[in-house]
There are 2 protein chains.
Amino acid sequence: MRRGRSERTTLMDVANRAGVSAITVSRVLREPEKVSPNLRQRILDIIDDMGYVPDQAARALASRHNSTFGVLVPSLTNRAFLGFMQGVEERVRDSTFRIQYANTHNSVEEEKRQVRLLMSQNTAGIVLGGLEGLDEISDLIRRANCTVIQVVDVGIETAGAAIAVDHAAAAEAATRHLLACGYRSIALLGGTPDERGRRRTEGYARVLQEAGLYDPDLIHHENATTTTQMGCRLLRRALKVRPGIDAAFCQNDDLALGVLFEAQRLGKSVPDEFGICGYNDLDFSAVMNPPLTTVRTPLFEMGYRAGDLLIRSAEGNAIERQTIKLGFELIERRTTRKREG
Amino acid sequence: MRRGRSERTTLMDVANRAGVSAITVSRVLREPEKVSPNLRQRILDIIDDMGYVPDQAARALASRHNSTFGVLVPSLTNRAFLGFMQGVEERVRDSTFRIQYANTHNSVEEEKRQVRLLMSQNTAGIVLGGLEGLDEISDLIRRANCTVIQVVDVGIETAGAAIAVDHAAAAEAATRHLLACGYRSIALLGGTPDERGRRRTEGYARVLQEAGLYDPDLIHHENATTTTQMGCRLLRRALKVRPGIDAAFCQNDDLALGVLFEAQRLGKSVPDEFGICGYNDLDFSAVMNPPLTTVRTPLFEMGYRAGDLLIRSAEGNAIERQTIKLGFELIERRTTRKREG
DNA sequence: CTGTTAGCGCGTTCAA
DNA sequence: TTGAACGCGCTAACAG
């Protein structure tokens, strides 16, 4: 039995054994209907017997295309991106395309490296889930020989097609809701402030400024991906700086979960004494005690639409520079009081 | 300006512009010290200016190797795998290798397809995070022309190197702990029962059988990835079938979180009336109210070690058929009573 | 339905 | 330090 780094079986090996030419074996694999049934079956048996696996590098080189999509996400630990990835998968799953993910760790440099790597592989299409270094990367995108779908915020100039959500407006809606519930000192808690986060912060600040309630000392970030433990820490920190805060708008539901736990531990009753609003409507949010008021972003759909654009483009449809704008929804549950009036 | 699917810039284009031969440009990229500084810089400038990106397919075909590792996980939604993936990343991050992930959706067929795809690309190494269809896949592994690291349970025959954890023993420890706390009717709650899950179930069943407390109607699964909402549903189902259950051993902490929420809603006090033990010690487990008793598995380290094996192997070290066995730890927190006696 | 010829873009090998 | 010739494994285009 062969083992380890043995020489690879090639198309030619199979062809020799079958007594046909290489192209016939190639056809059996790609256009089986063009080969007579008998011969086809005989070759398939030989392929199976020899354990032949086509070399994608050679295939990609010869045909000048590749049947995998690259999906770049800035973080693997942020559950928001998981919802997004599931959407892409769902759409791509029963096509002939495969997906490969890569993690850019919120780094523009890494993102550029990964985009280059994907381009180097003649990837059929790329989804860019991040939102950093847009200027630096748009040059790369323009030069790409494949479709690139960007997931961005509204109002951002993109080099190609894009899926956009208005994060600033979503944050405004959440902040307005907290005000409408009668909360007056609303903290903003978040992790590494990426572009999306900055836009949410803007929306939050705008509403509080209008209401004359803005205070920069209400804003707290840690430089890492959001976690539930971080939520606990941020609430303590916020309370230390401004003991009078009566609500928190969290940049992600996992933070909100931690805030709830910590508030309970501090003896603050939610929502009466302290209001919490999350972001993204993750799995656990609906079943917490009390259930979490949050902003639902169409994570899955964003992924699905991105996958759809990729596939349609790969099938030869021009998708050009369209930007698909998707909405959000404020889900009022029980971590905020009933609205006044 | 060039845009869209323009012809790709090749090594030859760069060489022509520089007035040198292709191989010199190739050397600038791979063995810069072998090209005179002046020429090197001039070529680098041209490469930059033309936006040349080497074609990995051609490179892989010519050199017969590739500098990316493939990491296959059965699920993206299971946070346990995220910890694992982070471990791999951490080890691989500042090497010259890149990582590409693929999701096998707990499907043996998909796993085989992905392994074939990776092999087709002459991937430098593969990590197999799943644990399904081992027999069917070991043939593929043996034929692989790259190192394959499997993440498995102890006692499983693997074709190559492996990282193993004794899931049955971990489940035994958890179940024994619940018994020691005085719980007598212990439900087992889980998602899609993969091989790991089956082994945990075995460990759980063994301990309860010894104690004369085993009852198949205590075991509940849903055929999907575990979620917090699933935890709520499973607890209700378990209580409907056996109203007298006084504890739950959950196959994953997110289930345990849901079980806690649901128990609170049902007015059951945790840990006095109802005990909960989780699995994996996820981020939120330490800060829940009350904090979760759980089994900590070395997810990050498993990934780190897998990445390490891959790199050492790619650097030419023989890593052969070793199996690295890693331990687990029962973390006693407050969702279980103090042990009796 | 099957085969022949040519070449994808690069790295290896050997020579200058 | 640089280059020429060749081939990696496969597919496109055209023949038969």
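Residues numbered from 1 in each chain as written. Chains lettered and ligands numbered in written order. Predicted model: local features only at pLDDT ≥ 70, side-chain atom pairs only at ≥ 80, totals over all residues. Heavy atoms only, no water.

## Looking at the overall build of chain A
- Secondary structure summary: chain A contains twelve helices and twelve strands in total.
- Buried positions account for 60% of the 341 residues belonging to chain A.
- Expressed as a percentage of contacts within chain A between residues at least 6 apart in sequence, the contacts between residues at least 24 apart total 70%. (Helix = DSSP H or I, 4+ residues; strand = E, 2+ residues; numbered from the N terminus. Buried < 20%, exposed > 50% of the residue type's maximum accessible area, 1.4 Å probe, protein only. Contact = heavy atoms within 4.5 Å.)

## Brief notes about the protein's contact with DNA strand C
- The immediate surroundings of DNA strand C are formed by 27 residues, with Thr24 and Arg27 of chain A together with Leu11, Ser26 and Tyr52 of chain B found nearest.
- For DNA strand C, the backbone makes up 66% of the atoms found within 4 Å of the protein, where backbone means sugar plus phosphate.
- Interatomic distance of 3.3 Å between a backbone N/O atom of Ser21 of chain A and a phosphate oxygen of DNA strand C.
- One of the backbone N or O atoms of Leu11 of chain B is found 2.4 Å from a phosphate oxygen in DNA strand C.
- The set of elements that each furnish at least two residues to the surface near DNA strand C consists of helix 2 (22-30) and helix 4 (56-63) of chain A together with helix 2 (22-30) and helix 4 (56-63) of chain B.
- It is helix 4 of chain B that provides the largest number of residues to the surface near DNA strand C, a total of five residues. (Near = heavy atom within 4 Å. Polar contact = N/O pair within 3.5 Å; in protein donor to acceptor, adjacent residues only side chain to side chain.)

## Things to note about the confidence of the model for chain A
- The predicted model of chain A has a mean per-residue pLDDT of 88, with 95% of residues at 70 or higher.
- With pLDDT under 50 throughout, residues 1-6 of chain A is counted as low confidence; its partners more than four residues away or in other chains account for 13 contacts. (pLDDT = per-residue confidence, 0-100.)

## Things to note about the relation of the copies chain B and chain A
- Rotating chain B by 180° and translating it 0.1 Å along the rotation axis places it on chain A, where the RMSD comes to 0.2 Å. In symmetry terms, the pair is related by a two-fold rotation axis. The C-alpha atom lying nearest the rotation axis in chain B is that of Ala57 of chain B; the distance is 2.1 Å. (Least-squares fit on C-alpha atoms with pLDDT ≥ 70 in both.)

## Digging into the pairing of strand 3 (residues 125-128) of chain A
All names here are of chain A.
- What you see with strand 3 is no split at all: Gly125 and Val127 on one side and Ile126 and Leu128 on the other are buried throughout.
- In this sheet, strand 3 lies alongside strand 1 (residues 68-73) in parallel orientation, the contact comprising four bridges. From the neighbouring strand, Phe69 faces strand 3, where its bridge partner is Gly125. (Pairing = 2+ DSSP bridges.)

## Considerations on the protein's contact with DNA strand D
- DNA strand D sits among 25 residues. The nearest are Leu11, Ser26, Tyr52 and Arg59 of chain A together with Thr24 of chain B.
- Of all DNA strand D atoms lying within 4 Å of any protein atom, the proportion belonging to sugar or phosphate reaches 68%.
- Here Thr24 of chain B contributes a side-chain N or O atom positioned 2.5 Å from a phosphate oxygen of DNA strand D.
- Within the backbone of Ser36 of chain B, a nitrogen or oxygen atom sits 3.0 Å from a phosphate oxygen of DNA strand D.

## Points about the sheet that holds strand 10 (residues 293-296) of chain B
All names here are of chain B.
- One open sheet accounts for six strands, arranged 7-6-8-9-10-12; its pairing is mixed. Looking at which strands have only one partner, the edges of the open sheet turn out to be strand 7 (219-221) and strand 12 (329-331). Adjacent strand axes in the sheet meet at a mean angle of 20° when their direction is disregarded.
- Direction of pairing for strand 6 (residues 186-190) relative to strand 8 (residues 247-250): parallel, over a ladder of four bridges. Counterpart to Ala187 in the pairing with strand 8 is Ala248.
- Helix 11 (residues 253-265) rests against strand 6, strand 8, strand 9 (275-279) and strand 10 of the sheet, and its axis sits at about 160° to strand 9. (Axes fitted to C-alpha atoms, helices over the stretch in contact; angles between N-to-C directions.)

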